[in-house]
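As a plain string of letters, each chain reads:
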Amino acid sequence: MPGPTLLWFTNNLRLDDNPAIEAALDAEKLICLFVVEPSWSRPNRYSLRSLGSHRRLFLQQTLDDLDNSLRQLGQRLILRYDTPLESLTSVVQQAGVSRIVTSQHPGSYERQTLKAIASRFPHLEILELPCHTLFASEQLPFELEKLPESFSAFRRKVEKQPLLPRTAIEAPTQLPSLISKLESKVVELPSRETTQYFSGGEKGARAQLDYYFSSSLPASYKETRNGLDGWDYSSKFSAWLANGALSPRRLWQRIDQYEAEVVANESTYWLKFELLWREYFQWYAHRYASKLFNQRGPFDRSPLTTFYPERFKAWCEGSTPYPIVNAAMRQLNATGYMSNRARQLVASAFVHELGLDWRYGAAYFEQQLIDYDVASNWGNWQYLAGVGADPRGHRRFDLEKQASIYDADGSFTATWQGREHCHPLPNQDYYDWPVA
Ligand SMILES: Cc1cc2nc3c(=O)[nH]c(=O)nc-3n(C[C@H](O)[C@H](O)[C@H](O)COP(=O)(O)OP(=O)(O)OC[C@H]3O[C@@H](n4cnc5c(N)ncnc54)[C@H](O)[C@@H]3O)c2cc1C
């Protein structure tokens, strides 16, 4: 008789539309596992943490919510506090696991873990299911190695078909039974002290779906999406999409439904267009693996960067000479969220005005963003630094002009005290060493 199935939750922290759960339903015994890595809270190679306080709280809420939902079906979420490799190894050995089912992850580290597990346990069956993307890899109209080098080319190919996401799967009504002897090490993610704008878990995601699609907001998204402050100017689904409390296919279907029942216009199309951006970066991360983190990007381009510690500090805390950048960084630090427009501006300032190594900016976003997603974050940073999927090369924004368009009345900059925190750049000659 085969051993139990291990369902390793990563970026699919939900019951709804979860192909990994669906694949595990035929198991006799099931172990639901999430791994909390000690390294998330320790300084990484950029002297930053990969899990900052905003996302930590959001994750804690998400895990609580998932555990509650699993308990209603007689299951529970086992938490382990170790590296994924050691956690999976010990659970496989302790419980005699015969199969691991998990989400197909775009992160190269997660994929290396699965490879290492496969070589430690050659008889183990490992299934990776597309839980984090709209499409399964076999649906794409090209081999992954031939992923178009620009988003526009990608979009044209997927829209030409037209390629439709598979129908979202309903949440299960029952699950295989659990293994009682396997104990969860109780892991309390430390520090809950943060202002919370997003409520973690499927419950929060469903509430935002209902709120957004019962309003007229989707019908004006294209006109409002460049806002800088407030809840309604954009859809705000990113945080739930990032840790998988919300499935991208479910969101796509809700847009379809809105188009069928309320209105289909340029704005509703633009929401899908943005989800295709997300999709592109997911496959970009799958395609280029660890090159996602390379300073010179996947195509070996030269970035325009050096490293100045004082400037980096000023950017992180929002005390640069640029009011709009300060405002956005202070908003990020206070809330864990920043609009797409502001992300582009602060990244442009980081690379072009401050002359910094873009990877440090990406690592700071990783620490601070409540919606951090490995593919979207590092892919967008590469793009803006001119070493990624942008056929135009560098994108330098005129900060004053952008502020006059997108913060015409200055209210965003005033709210977050961008002007009050303006400081000239310290003299950096001493630190001026070239990296590239
Ligand atoms: C430097 C930089 C770093 C970024 N890092 C992240 C990140 O770590 N995680 C993340 O989810 N998004 C990231 N983005 C993309 C984008 O800024 C956010 O997805 C968006 O602001 C989230 O708010 P929203 O859900 O209201 O977006 P909406 O404008 O309502 O868009 C709807 C959805 O489309 C997707 N989307 C929109 N724009 C992009 C984009 N440029 N790239 C990829 N997906 C997109 C998101 O899933 C978003 O939830 C980054 C952008 C930049 C410029």
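Basis of the calculations
- Residues numbered from 1 in each chain as written.
- Predicted model: local features only at pLDDT ≥ 70, side-chain atom pairs only at ≥ 80, totals over all residues.
- Helix = DSSP H or I, 4+ residues; strand = E, 2+ residues; numbered from the N terminus.
- Buried ≥ 20, exposed ≤ 12 C-beta atoms within 10 Å, placed from the backbone.
- Contact = placed C-beta atoms within 7 Å.
- Expected span 1.5 Å × (residues − 1).
- pLDDT = per-residue confidence, 0-100.
- Right-handed = clockwise from strand over helix to strand, strands pointing away.
- Pairing = 2+ DSSP bridges.
- Near = placed C-beta within 6 Å.
- Nonpolar A, V, L, I, M, F, W, Y, C, P; charged D, E, K, R; others polar.
- Domains from an automatic or database assignment.

K.L.:
Give a detailed account of the overall build of the protein, specifying residues and quantitative values.
P.N.:
In terms of regular secondary structure, the protein is built from 17 helices and eight strands. In terms of overall dimensions, the protein has a C-alpha envelope of 70 × 55 × 45 Å along the principal axes. Out of the 436 residues belonging to the protein, those deemed buried represent 44%. Sequence-distant contacts in the protein: of pairs separated by 6 or more residues, those separated by 24 or more amount to 79%.

K.L.:
How would you summarise helix α13 (residues 340-353) if you had to cite specific residues and measurements?
P.N.:
Each turn of an α-helix holds 3.6 residues, which means side chains three or four residues apart point in the same direction. For α13, with 14 residues, the first-to-last C-alpha span of 19 Å sits near the 20 Å given by 1.5 Å per residue. A large share of α13 lies buried, amounting to ten of its 14 residues. When α13 is considered as a whole, its buried residues turn out to be Arg341, Ala342, Arg343, Leu345, Val346, Ala347, Ser348, Ala349, Phe350 and Val351. Elements in contact with the buried residues of α13: α11 (309-317), α12 (323-335), α14 (358-368), α15 (374-385) and α16 (399-406). Count one or two residues on from α13 and you reach glycine 355, which has phi positive near 60°.

K.L.:
Can you explain the confidence of the model for the protein? Please cite residues and give values.
P.N.:
Looking at the protein as a whole, the pLDDT averages 92, with 93% of positions reaching at least 70. Here residues 190-195 scores under 50 on pLDDT; set against residues more than four positions off or in separate chains, the count is nine contacts. Contacts of residues 430-436 to residues separated by more than four positions or lying in other chains number 13 contacts, the stretch itself having pLDDT below 50.

K.L.:
Before we move on, can you summarise the pairing of strand β2 (residues 29-36) with the specific residues and values?
P.N.:
The element β2 is extensively covered by neighbouring structure, given that eight of its eight residues are classed as buried. Because side chains alternate across β2, one face comprises the buried residues Lys29, Ile31, Leu33 and Val35, and the other comprises Leu30, Cys32, Phe34 and Val36, equally buried. In the classification by handedness, the crossover that spans strand β1 (residues 5-9), the intervening helix α1 (residues 19-24) and the parallel β2 is right-handed. Bridge count between β2 and strand β6 (residues 177-178): two bridges; the pairing is parallel. Bridged to leucine 30 within β6 is leucine 178.

K.L.:
Which residues make up the site of the ligand, and what values go with them?
P.N.:
The immediate surroundings of the ligand are formed by 29 residues, with Ser234, Ser235, Ser238, Glu274 and Asn377 found nearest. For the shell around the ligand, the elements supplying multiple residues, two or more each, are α8 (238-243), α10 (266-288), α13 and α15. Counting residues per element, the shell around the ligand draws most heavily on α10, which supplies six residues. In terms of residue class, the shell around the ligand is made up of 13 nonpolar, nine polar and seven charged. Among the domains, domain 2 (133-166 + 202-288) and domain 3 (306-434) are the pair contributing at least three residues each to the shell around the ligand.

K.L.:
Outline unusual backbone geometry, supporting the account with residue identities and numerical values.
P.N.:
If you check the backbone angles, aspartate 17 has positive phi at about 40° while not being a glycine. Mapped onto the secondary structure, aspartate 17 falls in the loop between β1 and α1. With 24 C-beta atoms packed within 10 Å, aspartate 17 lands in the buried category. Backbone geometry at serine 47 places phi at a positive 60°, although glycine is not the residue there. By the secondary structure assignment, serine 47 is in the loop between β2 and α2 (53-72). By C-beta crowding, serine 47 is classed as exposed, having 10 other C-beta atoms within 10 Å.

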